[in-house]
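Chains, contacts and geometry: an overview
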Amino acid sequence: MSDPAAATTSSSSVDGGEPLLDVVDLHTHFPVRGGLLSRHKDVVRAVDGVTFDIQPGEVFGLVGESGSGKTTLGRTLLKLADPTSGSLIYQGRDIAGYDEKQMRPLRRELALVFQDPNASLNPAMTVAQGVGHPLLIHGLVDGRAQMRERVAAMLERVGLTPGERFLDIYPQDLSGGQKQRLVIARALITEPKFVVADEPVAALDMSVRARVLELMLELQRDLGLTYLFITHDLATARFLCDRIGILYLGNMVEWGDADSLFDDPQHPYTRSLLDAIPLPDPRRRDRDKNLPVGEMPDAQTPPKGCRFHPRCPVAFEPCGWEGADLLAFFERRWTVVDGDQVESELAATGSLQAADLRDDGVRFDAGNPVALSKLLEQLRTEQAHPLFDAVTGIERDGGGIAVTFGDGPEPDLQTIAGRQVACHLHGTVPRER
Amino acid sequence: MSARARLARTAAPFRAATRTAQVLIVIGVLMTLGFVFVATLGPTLAPYEPTQYQVDPEEPEAGQLPRLEEPSSDHLMGTNRDGFDVFARVIGGARVAMIVVLVSTLIALLVGVPLGLLAGYRGGRLDRILVTTMDAIYTFPSLLLAIVVAFLFGELFAPGVASAASAVGIVYIPQYFRVVRNHTLSVKQEPFVEGARSLGAKERTVITRYVFFNVVQSVPVIFTLNAADAVLTLASLGFLGYGVPPPAPEWGFDIQQATQDITSGVWWTTMWPGVAIILLVTGLTLVGEGLNDVINPLLRARGLSGTKLRGAPIGGSDADASLPRGRAKAADRDADDGADPPGATTSTSPNGPHRADGPDGPATADRDSLPPTAPVHSATAGVEPVLKVRDLRVGYRTPRGPLWAVDGVDLDLAPGEALGLVGESGCGKSSLSRALLNLMPPGGLVTGQITLAARGDGPGNEEIELVDASRRQLRSIRGDRASLVFQEPMTRLDPLMRVSSHFREAIKAHRPDLSNDRVRELTETALAKMGIPRTRVDNYPHEFSGGMRQRIMLALGIVLQPQLVIADEPTTSLDVIVEAQILDILAELRRDADVGLVMVTHNLGIVAETCDRVAVMYAGKIVEMGPVEQVFNAPAHPYTQGLMASTISLETTELHSIEGSPPDLIDPPDGCRFAARCPAVMDRCTEVIPRLTRPEDTAVDDHLAACILHPGADPADPLPDERS
Ligand code: SF4
Ligand code: SF4
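Keep in mind that this is a model prediction, so the values were computed, not measured. The written sequence of each chain sets the order in which its residues are numbered from 1. The lettering of chains begins at A and the numbering of ligands begins at 1, in the order of writing. Reporting of local features is limited, given that this is a predicted model, to residues whose pLDDT is at least 70; pairs of side-chain atoms are given and counted only at 80 or more, and all residues count toward the totals for whole chains, interfaces and linings. Side-chain measures were taken over the full set of non-hydrogen atoms in the model, leaving aside hydrogen atoms and water.

**Some details on the overall build of chain B**
By the criteria applied, helices consist of DSSP H or I runs no shorter than four residues and strands consist of E runs no shorter than two, each listed in order from the N terminus. Across its full length, chain B carries 23 helices and 11 strands. Buried residues are those whose accessible area, probed at 1.4 Å on protein chains only, stays under 20% of the maximum for their type, while exposed residues exceed 50% and partly exposed ones sit between those limits. Residues counted as buried form 53% of the 724 residues belonging to chain B. Contact between two residues is taken to exist if any of their heavy atoms lie within 4.5 Å; hydrogens are not considered. Within chain B, contacts between residues at least 6 apart in sequence are counted, and of these 68% link residues at least 24 apart. Here chain B displays about 31300 Å² of accessible surface, and carbon together with sulfur accounts for 58% of that area. Method for areas: the Shrake-Rupley scheme with a 1.4 Å probe, in which residue coverage is limited to the protein chains shown.

This is the structure in structure tokens:
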């Protein structure tokens, strides 16, 4: 169990320190653009109600898979994407509503390091021009000579020595590791306070990664930086970060002290992530992996209730079951039962594509309503899947069968083991929207 | 960078081009320069004004010469029906053509480039309106458009060079617009543009310094390609009477005038302007095509080009044979590292096949000095391997000489065995895996032996030597007896084909006699094994998620029960949970079917989870090989040790890295290739090439390492077997 007294384990409300960045119920939605003639407007809820804080001088790890919204969240914190709602309090000021002009003076305090060093450097600028550009933008140097001097010094700081030798070459002439050092140099040259590093080593070879990570940690200590380290790699996150937040489909499902989170994950998704890591140890090959099924759905139509419920290995009745889950259940079932059974069940359900998803469940345009209602009742008695616990009705509806589900609230964050966890397993606390 | 270095850098792609291409570019440049010269100095070169009526010098008062004078020393190209000197008119025409090309380009540039930048950068409604408008202009027949504009401008202002140039220019606006817009769109996606915003740069700065500078590089190519076209358009306008009005010298108009006299045997009035047009157009086209070839790879290297290189990527028409395109991916770049413009020249280099070194040369030590019967490379001695690789070398031609990405590899794969091939970018693992099924890009070199064992009896199943196999033989093997699973499933599936059609095509190609019902059954079974229900079989690829698509690819790979599956980073683009699911499926697959699996990956964890044996590659060579448990628990080669130490796991408390970077494979170092980075290096290491031998403290026979820390690895030592 973690120690809640440790300074970094708990949120600002507990330790009372002034956070560098306080994020409250932050949303970033993007409209999905249709074609030229399409009037239909949908939104992707990339970040959908995230609350956490970043303490000065810490390394906060944001861990998630692709599609979790981690990159959008990072960009929103730097105001490179505009939040739809919520607040973003940076050193006491809510910058959520700031426009580009208001942001500009702040930009020198906020820096970004990208994943792909090849793409994050302008191929049309020399090293001196590219790394020194922020100095010119913010008027931090008098003239070119001084800029070159500052750039050279910074290059040496990130291990590109002697700095002068690199000034007039183009980034394309450097190796991956060197380029990433260049990106770091550019990010740090304005002496920022807060650095968002988006998968900074993912594109590098294993034997080079460690050196870049070491450099980042060293600079953090020496320059008193605060990092938001975005990654999909839990092992790196554990090594590097003081606190970690796990993001799933736009929601922070668990966040808190890094070590205790890894030693004793409280959210089923965190546990799944840990189970899934391929271990470089052949002796542990046959360990029990409790893998979630399927993949992360897209953020345009997130699942009801707990967003992880369609995949959660331990989901139960209140987790938010809905019509789509029943269809997915049949699809999965039909890959394992034998062919004749598939034929007869398919005859009963009719085409799944024709099934009508509704707010409270699903209506099958059943091929054989009698057989279908019998099949569904049987599956319910068998408890073939936890979703059947949430079924409230199986009824004739015209020529088809309508299945209705009970309510499944979205879990709110609660403090468990010194951490913030959003899961009904720890008691059902509905979240207010 | 000094001006010279800059020049050298720009010239590099030119030097990489083929000899013929170089000669053609030079000829084109000379021809074009010749015209520029003539056009600029025209009046001083020509003996007469182009609009000067020629009178007989001896009898000036007799008035004009008879028109249509044959070529003579006075009038090199003769005179035309107006009594003008044809030579003077051809020269004058060059000047008009040059002015029109320049002015029209300027117009097209000034309108097309800013609009393209704006549309691409801002996007939204403005973009859509501009694109629609430009497309409308573009689809309009260009000559017709030019005529309409020339006519309108002529009426509104005055017919003349300016009107003609505007008419020609407007035709090209959409082309500049389209290229610049598309380029802007792709550059805009580049993280460095967002990076510039994060630095606090103003929008104007972002557009100019970060976008424009990268986009503008494509302009010279369009310019030279369009210039040739512009010359023709101008001539056509003139020919039809809508161009530069007479008496100004203009080739098209002159030809039109002269056509009246062709029947009376007057050839010189049509021929000379015609020759001028052909020469100029040829010159400009040569330059344009040449620049396109030279600049495109340059842009591609910078990850900015949206245009394809000429030529198919690999092996001609095979659909499954294309290399992933685009920016080099994180996983493994070695296939790209050596790739070069198709048809590049090469010479037999000092790094040629090692056979040339002679039997005693150190270079051959790791292979030739092993006893011929030693079962060292096989996991299961006695069982006939499904795949046997001997002295395999895989290379690419580069301007600096051949690069051997794989340099002398021996491997055996037992039926049902899974072999992990690990190493970092550029170690040769991807080149090796591609060479195994002979999927090499043009210019790829493969020597050595790759033997695929017979699969039962029957025609088409016999043992086959893949290095010398014909294209037809290879096609019949790929997808049937052996298949390859790549990293990015979406690029391998045809978005317009249902999943079931992919299967039908793949199955029918190898089993044309199967009934449709049977094909359907095979498809459904293979997909169900991968967790894809039969209800989804007729969906299109885009209706599946990334993980599902990789399952589809796997199902396609195994549907005909191959002997061999080569998986090249099959899970690298997937998330950790989906990766784990796929790895489980792969493991299951191997338990059920007797398929030999070669798993290419940079991830040691994946090897530990799925493989029986592992081969560690470094700089084109296998440096260590053995059963997974053995190699992971007691790595014997310093590189393997370093790689394992630098892998970050949940238990990592301290970071390790390997200093330095891998050697240049075009000119590899002597001796052990890891010497420059090895913490245990000795003098002897740079003198001999260590051979794969069993480390003395290892428990199993088939654990091998190529490092002279282990007795027997030095080719001068006796082999361990001989020692005992
Ligand atoms: S609430 Fe908890 S148990 Fe329920 S689905 Fe979500 S993570 Fe699983
Ligand atoms: S042969 Fe020498 S340089 Fe090579 S790995 Fe062994 S000790 Fe290191």
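**Quick notes on helix H3 (residues 86–122) of chain B**
Here, expected helix span is obtained from the residue count minus one, scaled by 1.5 Å. Relative to the 54 Å expected for 37 residues at 1.5 Å per residue, H3 of chain B spans 52 Å between its end C-alpha atoms, a close match to the ideal helical length. A positive backbone phi angle near 70° is found at Gly-123 of chain B, which sits one or two residues after H3 of chain B.

**Some points on the site of ligand 2**
Nearness of a residue to a molecule or strand requires only that one of the residue's heavy atoms be within 4 Å of it. Residues in close proximity to ligand 2 include His-637, Pro-638, Cys-672, Ala-675, Cys-678, Ala-680, Val-681, Cys-685, Pro-690, Cys-707, Ile-708 and Leu-709 of chain B, which together make up its full environment. Three residue categories are used. Nonpolar comprises Ala, Val, Leu, Ile, Met, Phe, Trp, Tyr, Cys and Pro, charged comprises Asp, Glu, Lys and Arg, and polar comprises the others, including Gly. Its residues assigned to classes, the shell around ligand 2 comprises 11 nonpolar, 1 polar and no charged.

**A word on the nonpolar core**
Counting residues in hydrophobic clusters, the biggest one holds 100 residues, and the most contacted among them are Leu-387, Leu-432 and Phe-503 of chain B. In this structure, Phe-503 of chain B is in contact with Thr-523, Ala-526, Leu-527, Ile-552, Ala-555, Leu-556 and Val-559 of chain B, ignoring residues within four places of it in sequence. Side-chain atoms within 4.5 Å are what join buried Ala, Val, Leu, Ile, Met, Phe, Trp, Tyr and Cys residues into a set we call a nonpolar core. Core analysis: the next-biggest nonpolar cluster, separate from the first, contains 98 residues, Tyr-227, Trp-321 and Leu-372 of chain A together with Ala-580 of chain B among them.

**Comments concerning the side chain of Gln-266 of chain A**
Topologically, Gln-266 of chain A is positioned in the loop between helix H10 (258–263) and helix H11 (268–276). We define a polar contact as two N or O atoms separated by no more than 3.5 Å, with the added condition that, inside protein, one atom must be a possible hydrogen donor and the other a possible acceptor, whereas residues neighbouring each other in sequence contribute only through side-chain atom pairs. Polar side-chain contacts of Gln-266 of chain A include one of 2.9 Å to the side chain of Asp-264 of chain A.

**Some remarks on the interface of chain B and chain A**
Listed per partner, the contact involves 77 residues of chain B and 78 residues of chain A. The term buried area refers to how much accessible surface (probe radius 1.4 Å) is lost by two components on association, counted for both of them together. Taking both sides of the interface into account, the surface hidden between chain B and chain A amounts to around 6900 Å²; carbon and sulfur atoms contribute 55%. The three residues of chain B that bury the most area against chain A are Ile-577, Glu-609 and Leu-650 of chain B, which together make up 11% of that side's buried surface. What makes a salt bridge here is a side-chain nitrogen of Lys or Arg within 4 Å of a carboxyl oxygen of Asp or Glu, nothing more. For the pair chain B and chain A, the number of links is 6 salt bridges.

**Describing the domain arrangement of chain B**
Domain start and end points were adopted from an automatic or database domain assignment. When its domains are assigned, chain B resolves into domain 1 (86–299) and domain 2 (407–635). Between domain 1 of chain B and domain 2 of chain B, the C-alpha centre-to-centre distance is 49 Å.

**Some details on the side chain of Thr-601 of chain B**
Residue and element names in this part refer to chain B. Positionally, Thr-601 belongs in strand S8 (residues 596–601). Only 2.8 Å separates the side chain of Thr-601 from the backbone nitrogen of Asn-603, close enough to count as a polar contact. Not counting chain neighbours up to four residues away, the residues in contact with Thr-601 comprise Leu-421, Val-422, Gly-423, Lys-429, Glu-569, Ile-606 and Val-607.

**Some details on a nonpolar patch on the surface**
All names here are of chain B. Patches were defined on residues exceeding 30% relative accessible area and lacking a salt bridge, with like-charge contacts within 9 Å and nonpolar side-chain contacts (Val, Leu, Ile, Met, Phe, Trp, Tyr) within 5 Å. Residues Leu-143, Phe-151, Phe-239, Leu-240 and Tyr-242 make up a contiguous nonpolar surface patch of roughly 440 Å² in combined accessible area. Structurally, Tyr-242 is set in the loop between helix H9 (219–240) and helix H10 (251–262). On the accessibility criterion, Tyr-242 (35% relative accessible area) is partly exposed.

**Focus on the pattern of salt bridges**
When the charged atoms of two side chains lie near each other, side chains of opposite charge can form a pair. In the structure shown here, the tally under the stated rule is 49 salt bridges over all chains. Here Asp-48 of chain A makes a salt bridge to Arg-45 of chain A, at a shortest N to O gap of 3.4 Å. The buried category is assigned to Asp-48 of chain A, whose relative accessible area is 0%. Arg-363 of chain A is the salt-bridge partner of Asp-397 of chain A, the closest N and O atoms lying 3.7 Å from each other. On the criterion of sequence distance, the pair formed by Asp-397 of chain A in strand S13 (residues 391–397) and Arg-363 of chain A in strand S12 (residues 361–364) is long-range, its members being 34 residues apart. Using a relative accessible area of 24% as the deciding quantity, one classes Asp-397 of chain A as partly exposed. Classification of Arg-363 of chain A by relative accessible area gives buried; the value is 16%. Ionic contacts of the salt-bridge type, sharing partners, join the residues Glu-343 of chain A together with Arg-520, Glu-524, Arg-534 and Asp-538 of chain B into one network.

**Observations regarding the packing of helix H6 (residues 161–189) of chain B against helix H8 (residues 203–215) of chain B**
All names here are of chain B. Here an angle of 0 to 180 degrees is reported between the N-to-C directions of two axes, which are lines fitted to C-alpha atoms, with helices fitted over the stretch in contact. Close contact between H6 and H8 brings their axes to 9 Å; oriented N to C, the two are set at 130°. By the angle between their directions, the pair H6 and H8 is classed as oblique. In this structure, the crossing between H6 and H8 has a hand that is right-handed. The segment H6 lies against H8, with Val-180, His-183, Thr-184 and Val-187 engaging Tyr-210, Val-211, Asn-214 and Val-215. Residue composition of the contact of H6 with H8, grouped by class: 5 nonpolar, 3 polar and no charged. Small angles under 35 degrees read as roughly parallel and large ones over 145 as roughly antiparallel, with 65 to 115 read as roughly perpendicular and the rest as oblique. Helix crossings are classified by the rotation of the near helix relative to the far one: an anticlockwise turn of less than a right angle makes the crossing left-handed, while a clockwise turn makes it right-handed.

**Observations concerning the confidence of the model for chain B**
Residues and elements named next belong to chain B. One number per residue, pLDDT, summarises how confident the predictor is, and it ranges from 0 to 100. Per-residue confidence for chain B gives a mean pLDDT of 76; residues scoring 70 or more make up 76%. This stretch, residues 297–380, has a pLDDT under 50; its non-local contacts, to residues over four places away or in other chains, come to 170 contacts. Reported confidence for the predicted complex is 0.85 by ipTM and 0.76 by pTM.

**Details of the domain arrangement of chain A**
Segmentation of chain A into domains returns domain 1 (4–109 + 190–271) and domain 2 (321–405). For domain 1 of chain A and domain 2 of chain A, the distance between their C-alpha centres works out to 41 Å.

**What to know about the sheet that holds strand S11 (residues 356–358) of chain A**
Residue and element names in this part refer to chain A. Taken in spatial order, the 4 strands of this open sheet run S11-S12-S14-S13, and their pairing is antiparallel. The sheet is open, and its two edges are formed by S11 and S13, each paired on a single side. Each strand axis lies, on average, 15° off the axis of its neighbour in the sheet, ignoring direction. Where S12 and strand S14 (residues 400–405) come together, 4 bridges link them in antiparallel fashion. Across the sheet, Gly-361 pairs through a bridge with Thr-404, a residue of S14. On top of the sheet, helix H12 (residues 323–333) reaches S11, S12 and S14; it is set at about 55° to S12, its chief contact. Pairing between two strands is assigned when DSSP locates at least 2 bridges connecting them.

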